[in-house]
Amino acid sequence: MKILPPVSIEARRLLPGPWDLLAAVLVLAFIILLADASRAVIQPLATLKQQPISLDPSALPGYALRTGLRMLIALGFSLLFTFTYATWAAKSPRAGTLLVPLLDILQSIPIFGFLSVTLAFFLSLAPGRILGAEFAAIFLIFTSQAWNMAFSFYQSLRTVPTELEEAGRVFGLNAWVRFWRIEVPFGMPQLIWNMMMSMSGAWFFVVAAEAFTVGNTSIVLPGIGSYIATAVAAKNMAAILWAILAMLIVILIYDQLLFRPLVAWADRFRIDADTNDSDEGAESWALAMFRRSKLIDAIGAPFDRLMHWTYRLTPPVQNLGAKNPSAVRSRIADIVWYVCLAGLIVYALWQIAGFAAIPLGFGEFLNIVLRGFATLTRVIIMIALASVIWTPVGIYVGLRPHLSRIVQPVAQFLAAFPVNLLFPIVVSLIVLWKLNPDIWLSPLMVLGTQWYILFNVIAGASALPRELRDASDNFQIKGWLWWRKVALPAVFPYYLTGAITASGGSWNAAVLAEIVEWGSKTLRAYGLGSYITDATTAGDFRKIVLGLAVMSFFVVVVNRLFWRPLYWYAERKFRLG
């Protein structure tokens, strides 16, 4: 006989609880804010000039809302890009030969480079409307988020423990189910840390994304970035301080409602999750709300049913004894692929040569190459210094979950700190002490990108299996021997992911760091970033393309000759299992 619960208990289940009420308030507030922001984007583009950016602090809440929504939408597209692009590069050896170097190039292209060639396209999607400019701003923010996340997930897919892959095949899981049930959960902790870093990195470029000028086209969208640009131009220190406060509030909101719940949720996917001490687990009130609210369950139920439906649609796993495609067919496919790839490269070079055919003498071409070497020298020195400082710090923090919960929001805020806000201090000190801008502007290049190293090392240290730590304790491995044999090898693949993205991001940041303005005072450092910035301001698209081509060449060569060999070595030598 079926035992039915008392009527009072059934009634209590139907009544909304405190978590349901809190979830309803947050969902309703998000819908209202989204609707309010949506009304503004359908207004004519001329409205932006009729309503210039106000430095009144009362306008900051509205600006913060617009910026926060742009970054959230860009983050969603970055996740979609990560799950498709990185997976394709990791799963297909043929595609990886093209996609991975292409990702190196994409992360090195400055935000102005994307802006100069895409602005007209995005404005044409909504002619005469603010929506087109919003598309352009979201795309620019996307370019500051996606590459780091894609590199992170690619590294995770390449280092999935062999035991997990074999277990999936033994249980008869096909490729689609293994991806969502094994590979994505394995890469989720590192991906979430890189999502935080990508969001913080977007703050670094939000000024350029919301207030940009290409040739005769100048657009200033309402947001914290444009507020900062206006305050810097007006030399208004009070407004800059208000902007910093608004940034801090938005970062804390993201931390509490998005990233802290994700970090706590992803803790279940750690390889040694069942052996961790319960008091070290990450906690989040927002995660408790998501888990206990019936409203959230109702919102997520259709997606959950859709995912389970796709599991049934996929073809069954092949028998382990099934024959592989013949070697001849595979060889023919390789030849066809590489021939097509070579043809694509030749065509792309021919188009670039035709577009950037500038009547330059040998002296000007040599100047561009020497500028590239100057920027390369700055990048190498700054990444080396950042590695020495943040690698041991990241290991120390990652092995202590209670400490990482404190460091997480602080590091997010420091990573999000726009370099523009330091222009007054940097310009004043360089002019006062008569310093060389070629040297003392260099730290600005790594100011926002050094955190890629810290966040990835923290993710690697936090994923260190408990068994490995216990083994090192039992064998009494301590001091430098512990760092050399346990800590550094364990985080080395994660460090390389952070260092590669930090290196590419530093090339990107050179566009902002090699030309510093504060009021009427301008300081320039000799480098490729200042060359591209000057070409962008002048609207000289040919020089922009030429500068980007030279920068991409430097990045690809460095990655091919240095970073990629280290990456392959780490993949073979330090892969778990």
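All values reported here derive from a predicted model rather than from experimental measurement.

Cut-offs used in this document
Residues numbered from 1 in each chain as written. Predicted model: local features only at pLDDT ≥ 70, side-chain atom pairs only at ≥ 80, totals over all residues. Heavy atoms only, no water. Helix = DSSP H or I, 4+ residues; strand = E, 2+ residues; numbered from the N terminus. Buried < 20%, exposed > 50% of the residue type's maximum accessible area, 1.4 Å probe, protein only. Areas by Shrake-Rupley, 256 points an atom, 1.4 Å probe, with all protein chains shown as cover. Axes fitted to C-alpha atoms, helices over the stretch in contact; angles between N-to-C directions. Parallel < 35°, antiparallel > 145°, perpendicular 65-115°, else oblique. Left-handed = near helix turned anticlockwise from the far one by under 90°. Contact = heavy atoms within 4.5 Å. Nonpolar A, V, L, I, M, F, W, Y, C, P; charged D, E, K, R; others polar. Patch = residues over 30% accessible without salt bridge, like charges linked within 9 Å, V, L, I, M, F, W, Y side chains within 5 Å. Salt bridge = Lys/Arg side-chain N within 4 Å of Asp/Glu carboxyl O. 1 Å grid on protein atoms, 1.4 Å probe; cavity = no way out; pocket = protein on both sides within 12 Å on 5 of 7 lines; lining within 4 Å. Points joined across faces, edges and corners; volume = space filled by probe spheres on them. pLDDT = per-residue confidence, 0-100. Phe/Tyr/Trp six-rings, centres within 6.5 Å; stacked < 30°, edge-to-face > 60°. Expected span 1.5 Å × (residues − 1). Bend = angle between axes of the 7 residues up to and from the residue. Polar contact = N/O pair within 3.5 Å; in protein donor to acceptor, adjacent residues only side chain to side chain.

**Overview of the overall build of the protein**
Looking only at helices and strands, the protein has 25 helices and 4 strands in total. The buried share of the protein, reckoned over its 577 residues, is 49%. A total accessible area of about 28500 Å² is found for the protein, and carbon and sulfur atoms account for 69% of it.

**Regarding the packing of helix α21 (residues 450–462) against helix α23 (residues 479–513)**
Orientation of α21 relative to α23, taken along the N-to-C sense of each, is 160°, at an axis distance of 8 Å. Between α21 and α23, the angle falls in the class roughly antiparallel. Regarding α21 and α23, the two cross each other, and that crossing is right-handed. On α23, the residues that touch Tyr 452, Ile 453, Asn 456, Val 457, Ala 459, Gly 460 and Ala 461 of α21 are Val 491, Tyr 494, Tyr 495, Thr 497, Gly 498, Ala 499, Thr 501 and Ala 502. Each residue belonging to the contact of α21 with α23 can be placed in one class, and the counts come to 10 nonpolar, 5 polar and no charged.

**A look at a nonpolar patch on the surface**
A surface patch of nonpolar side chains, amounting to about 750 Å² of accessible area, comprises Leu 22, Trp 242, Leu 245, Leu 248, Ile 249, Leu 252, Ile 253, Leu 257 and Trp 285. When residues in the nonpolar patch are grouped by element, the largest group, 7 residues, is from helix α12 (residues 237–266). Given a relative accessible area of 42%, Trp 242 falls into the partly exposed group.

**Let's talk about empty space enclosed by the protein**
Under the defined criterion, the tally for this structure stands at 8 cavities of 30 Å³ or more. Roughly 150 Å³ of internal volume is contained in the second largest cavity. Surrounding the second largest cavity, 15 residues form its lining, Ser 144, Phe 205, Tyr 452, Thr 501 and Gly 505 being those nearest its centre. Those elements giving two or more residues to the lining of the second largest cavity turn out to be α8 (146–158), α10 (175–210) and α23. Here the lining of the second largest cavity is built from residues that sort into 4 nonpolar, 11 polar and no charged.

**Looking at unusual backbone geometry**
Although it is not a glycine, Lys 434 sits at a positive phi angle of roughly 55°. Mapped onto the elements, Lys 434 comes out in the loop between α18 (423–433) and α19 (437–440). Despite not being glycine, Gln 476 shows a phi value in the positive range, around 55°. Tracing the sequence through the fold places Gln 476 in the loop between α22 (466–474) and α23. For Gln 476, a relative accessible area of 62% translates into the label exposed.

**Quick look at the confidence of the model for the protein**
Confidence in the prediction of the protein, expressed as mean pLDDT, is 80, and 84% of residues score 70 or more. Of all the helices and strands in the protein, helix α1 (residues 7–14) carries the lowest mean pLDDT, 48, while helix α4 (residues 60–91) carries the highest, 92. Contacts for the low-pLDDT stretch residues 274–280, under 50 throughout, to residues beyond four places or in other chains number 8 contacts. Within the model, the stretch residues 317–324 combines pLDDT values under 50 with 4 contacts to residues more than four positions away or in other chains.

**What about the pattern of salt bridges?**
Summed over all chains, the structure comprises 9 salt bridges. Of the charged contacts, one joins Arg 524 and Asp 534 as a salt bridge, the two residues approaching to 2.8 Å between their closest N and O atoms. Of the two residues, Arg 524 sits in strand β4 (residues 521–524) while Asp 534 sits in helix α24 (residues 528–538), which places them 10 residues apart along the sequence. Here Asp 534 falls in the partly exposed class, since its relative accessible area comes to 31%. Three or more residues joined by partner-sharing salt bridges are found here, namely Arg 66, Arg 70, Glu 134 and Glu 210.

**Regarding the packing of aromatic side chains**
Remark: the centre distance and the inter-plane angle together describe each pair of aromatic rings, the angle taken between the planes. Counted according to the given criterion, the structure contains 24 aromatic pairs. Geometrically, the ring pair formed by Phe 122 and Phe 139 is tilted, given 5.1 Å between the ring centres and 40° between the ring planes. A residue pair is termed long-range when its members are at least 10 positions apart, and Phe 122 in helix α6 (residues 111–125) and Phe 139 in helix α7 (residues 130–143) qualify at 17 residues. According to the relative accessible area criterion, Phe 122 is buried, its value standing at 11%. An aromatic cluster is present here, built from Phe 81, Tyr 85, Phe 121, Phe 122, Phe 139, Phe 142 and Trp 147 joined pairwise through their rings.

**Notes on the environment of Phe 290**
Following the sequence through the fold, Phe 290 ends up in helix α13 (residues 285–292). A relative accessible area of 30% means that Phe 290 is categorised as partly exposed. The residues contacting Phe 290, other than those within four sequence positions of it, are Leu 257, Pro 261, Ile 296 and Asp 297.

**Quick word on the environment of Ala 120**
For Ala 120, the location among the structural elements is in helix α6. In this structure the C-alpha to C-alpha distance between Ala 120 and Gly 132, which are 12 residues apart in sequence, comes to 9.1 Å.

**Regarding α12**
Residues spaced three or four apart along an α-helix point in a common direction, a consequence of the helix completing one turn every 3.6 residues. Its 30 residues give α12 an end-to-end C-alpha distance of 40 Å, which sits within 8% of 44 Å, the value for a rise of 1.5 Å per residue. Where α12 bends most, the angle comes to about 50°, and this point is Asp 255. Its side-chain oxygen placed 3.2 Å from the backbone nitrogen of Ala 238, Asn 236 serves as the N-cap of α12.

**Concerning the side chain of Asn 559**
Structurally, the position occupied by Asn 559 is in helix α25 (residues 541–573). For Asn 559, the contacting residues outside a window of four places in its chain are Asp 104, Gln 107, Arg 564 and Pro 565.

**Brief notes about the packing of α4 against helix α11 (residues 224–234)**
One way to put it is that α4 packs onto α11 with a least axis distance of 7 Å and a crossing angle of 125°. The orientation of α4 with respect to α11, classified from their angle, is oblique. Facing α4, whose interface residues are Leu 60, Tyr 63, Ala 64 and Thr 67, α11 presents Ile 224, Gly 225 and Tyr 227. Tallied by class, the residues present in the contact of α4 with α11 amount to 5 nonpolar, 2 polar and no charged.

**Topic: the environment of Ala 570**
Along the polypeptide, Ala 570 turns up in helix α25. Assessed through its relative accessible area of 1%, Ala 570 is described here as buried. For Ala 570 and Thr 159, which are 411 residues apart along the polypeptide, the C-alpha to C-alpha distance reads 9.3 Å.

**Description of the side chain of Arg 66**
Relative to the elements of secondary structure, Arg 66 occurs in helix α4. With relative accessibility at 12%, the residue Arg 66 sits in the buried group. In this structure, Arg 66 is in contact with Ala 37, Ala 40, Ile 130, Glu 134 and Pro 222, ignoring residues within four places of it in sequence.

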